[in-house]
Amino acid sequence: VLGLFPALESALAVGQSILETLPGQRLNEEPSVPAAANPGSGQWILDWEGRRTSAEQRLLTAASGYSLEQTVNLIRRQGGFAVAAHVDRRAFGVLGQLGFFPDTPQFLAAEISAAGVARLRKGKLQLEEVRAHDLPLISSSDSHSPEEIARSSTVFRVAEPCLAELVLAIRGIESRRYQIA
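Structure report, in brief. (Residues numbered from 1 in each chain as written. Predicted model: local features only at pLDDT ≥ 70, side-chain atom pairs only at ≥ 80, totals over all residues. Heavy atoms only, no water.)

1. Overview of the pattern of salt bridges
One pass over the full model with this rule turns up six salt bridges. Among the salt bridges present, the one from arginine 51 reaches aspartate 47, with a minimum N-O distance of 2.8 Å. The class for aspartate 47 is partly exposed, based on a relative accessible area of 21%. With a shortest N-O distance of 3.5 Å, aspartate 88 and arginine 119 are connected by a salt bridge. Of this pair, aspartate 88 sits in the loop between β4 (81-84) and α3 (94-98) while arginine 119 sits in helix α4 (residues 114-121), and the two are 31 residues apart along the sequence. Residue aspartate 88 is classed as buried on the basis of its relative accessible area, which comes to 11%. (Salt bridge = Lys/Arg side-chain N within 4 Å of Asp/Glu carboxyl O. Buried < 20%, exposed > 50% of the residue type's maximum accessible area, 1.4 Å probe, protein only. Helix = DSSP H or I, 4+ residues; strand = E, 2+ residues; numbered from the N terminus.)

2. Some remarks on the environment of glutamine 70
Examined against the element boundaries, glutamine 70 turns out to sit in helix α2 (residues 68-77). Residue classification places glutamine 70 among the partly exposed residues on the basis of a relative accessible area of 41%. Residues glutamine 70 and proline 105 lie 35 residues apart in sequence; the distance between their C-alpha atoms is 9.0 Å.

3. Observations concerning the packing of aromatic side chains
Under the counting rule described, the total for this entry stands at two aromatic pairs. Between phenylalanine 101 and phenylalanine 107, the aromatic rings sit 5.9 Å apart at their centres with planes inclined by 55°, giving tilted as the arrangement. No difference in accessibility class separates phenylalanine 101 from phenylalanine 107, as the two residues are buried. With a centroid separation of 6.3 Å and an interplanar angle of 35°, the aromatic rings of phenylalanine 156 and tyrosine 178 are classed as tilted. One end of the pair, phenylalanine 156, is in strand β7 (residues 154-157); the other, tyrosine 178, is in strand β8 (residues 177-180), with 22 residues separating them in the sequence. You can call tyrosine 178 partly exposed: its relative accessible area is 26%. Positioned over the ring face of tryptophan 44 is arginine 52, at 4.1 Å from the centre of the ring. (Phe/Tyr/Trp six-rings, centres within 6.5 Å; stacked < 30°, edge-to-face > 60°. Lys NZ or Arg CZ within 6 Å of the ring centre and 35° of its normal.)

Below is the structure:
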């Protein structure tokens with residue numbers, strides 16, 4: 001689930017709530033071991049220059065303690081909107097995790113990966129179950145490294161850069177529009 005928020009504080013509050021439900025683990029925090037030489041050895045927190053500043057002790061790949069509905073409600077309580085993420089992927093997405101696309105909770109949109117966009121353009125992406133819910137499709141790069149940033153994106157035509165305008169564009173209200181780039 002991807003949460004879109006009106007302010008950084010809202011996103012941080014939801015993130016902290018989710019983090020508190022994740023299990024802890026012991027990580028190799030030896031700074032002399034390059035992360036590239038031992039991927040998965042740590043969940044490093046980096047500064048803007050890519051230097052390690054610390055390590056996250058909670059297992060970020062684990063499922064949170066929130067159900068799908070609770071997650072969406074948590075996002076909404078902070079004034080945000082929920083997007084069903086990775087609907088084109090077998091793993092880590094609503095459809096892949098549940099095996100079906102649920103009627104509830106209600107999502108603002110469904111997000112597909114860069115690979116999904118390529119398959120969609122070739123006519124090889126089947127999303128009938130998602131389309132049956134009449135959800136707009138958006139895309140983002142889901143970047144896990146700097147090289148992956150902007151491999152896929154959604155361009156929004158809005159009056160100003162804010163969440164309210166983004167929601168209007170996704171819903172196609174007034175002159176607001178969006179398009180997968």
